Amino acid sequence: MVLIFLGPPGAGKGTQAARLAEHFGLKKISTGDILRDHVKRGTDLGRQVAPIMARGDLVPDDLILAIIREEIEKLPAARIIFDGFPRTLPQAEALEALLRDLGLATDAVVLLDVPTEELVARLGKRAREEGRADDTEEAIRRRLEVYARQTAPLIDYYAGRGVLLRIEGVGEVEAVTRRIIEALEASLWPSSSSGQKK
Ligand code: ADP
């Protein structure tokens, strides 16, 4: 089972992807977390990407795809939830090819829909609480622009493949999780009301 979480910065992808991974017994692969870990450890990759991330720009596709290949190879079985990947059309196409080579395909793409004003408010709050390097006002604005230009086209890409699930991302964390689980069960196992695991 391969799931993708798509949505603007601040939509709650990381939080919801972790809850869904737990619920369905999937491994969560978060490119943002992996990159932040490299930055923290001061690896070559970390030093290379730190200024890019702090500005709110995207890390080059080739670096991201190298990370993804390595992560997929580590897994014993393809039960994956991608959080924050793919973020560009070339990344989505490369993922499709990678999965195809493994005899797999993306089962569903969860798009978390949150209005821009709410995103800005959430990111501002996180900036005050966590102090992430890319949560400055300038970088937040940049990340929202980058999302609209480079990542939002993936919505049509996945809708065209019939795997997009648009979920309202506003409300209690628990309520959003329930919405996602219900939508996934209805789309992946339409004939079973209990939603047995794939
Ligand atoms: P958010 O969704 O809140 O922006 P993430 O943790 O997903 O946070 O990503 C943080 C930053 O890491 C991005 O702004 C970007 O610089 C980099 N990044 C993460 N995933 C990718 C990706 N798939 N492609 C390019 N850059 C990425």
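The shown structure was predicted, so the numbers you read here are calculated from the model rather than taken from an experiment.

Before going further, it helps to examine the nonpolar core. Membership of the largest hydrophobic core comes to 33 residues, with the highest contact counts inside it found for Val59, Ile68, Phe82 and Tyr158. When residues of this core are traced back to their parent elements, those giving at least two are β1 (2–6), α2 (31–41), α3 (44–55), α4 (61–74), β3 (80–83), α5 (89–101), β4 (108–113) and α8 (153–160). For this core, the element with the highest residue contribution is α4, accounting for 6 residues.

Here the focus is the sheet that holds strand β2 (residues 27–30). Neighbouring strands of a sheet are bound in pairs by backbone hydrogen bonds; such pairs are parallel or else antiparallel. An order of β2-β3-β1-β4-β5 is seen for the 5 strands of this open sheet, with the pairing classed as parallel. Looking at the sheet topology across the chains shown, the edges are occupied by β2 and β5 (164–168). Going across the sheet, the axis of each strand differs from the next one's by a mean of 20°, ignoring polarity. Where β1 lies against β4, 4 bridges are found, and the strand directions are parallel. In the strand pairing of β4, Leu3 is matched with Ala108. Running over the sheet, α8 touches β1, β4 and β5 and is turned about 125° from β5. Packing of helix α9 (residues 173–188) onto the sheet brings it into contact with β1, β4 and β5, and relative to β5 it is tilted by some 155°.

All right, on to α8 then. Buried within α8 we find Leu154, Ile155, Tyr157 and Tyr158. One side of α8 holds all its buried residues, which, seen down the axis, span an arc of 165°. Away from its buried face by more than 90 degrees, α8 exposes Asp156 and Gly160. Residues of α8 that are buried make contact with β1, α5, β4, α7 (137–151) and β5. Trailing α8 by a residue or two, Gly162 shows a phi angle of about 75°, which is positive.

Next up on the list: α4. Think of an α-helix as 3.6 residues a turn; residues three or four steps apart then line up on the same face. Helix length check: α4 (14 residues) gives 20 Å between terminal C-alpha atoms against 20 Å at 1.5 Å per residue, within 8%. For α4, the full list of buried residues reads Leu63, Ile64, Leu65, Ile67, Ile68, Glu71 and Ile72.

Reading the values: the criteria
- Residues numbered from 1 in each chain as written.
- Predicted model: local features only at pLDDT ≥ 70, side-chain atom pairs only at ≥ 80, totals over all residues.
- Heavy atoms only, no water.
- Core = buried A, V, L, I, M, F, W, Y, C linked by side-chain atoms within 4.5 Å.
- Buried < 20%, exposed > 50% of the residue type's maximum accessible area, 1.4 Å probe, protein only.
- Helix = DSSP H or I, 4+ residues; strand = E, 2+ residues; numbered from the N terminus.
- Pairing = 2+ DSSP bridges.
- Axes fitted to C-alpha atoms, helices over the stretch in contact; angles between N-to-C directions.
- Contact = heavy atoms within 4.5 Å.
- Arc of directions from axis to C-beta.
- Expected span 1.5 Å × (residues − 1).

These figures capture arrangement, not role.
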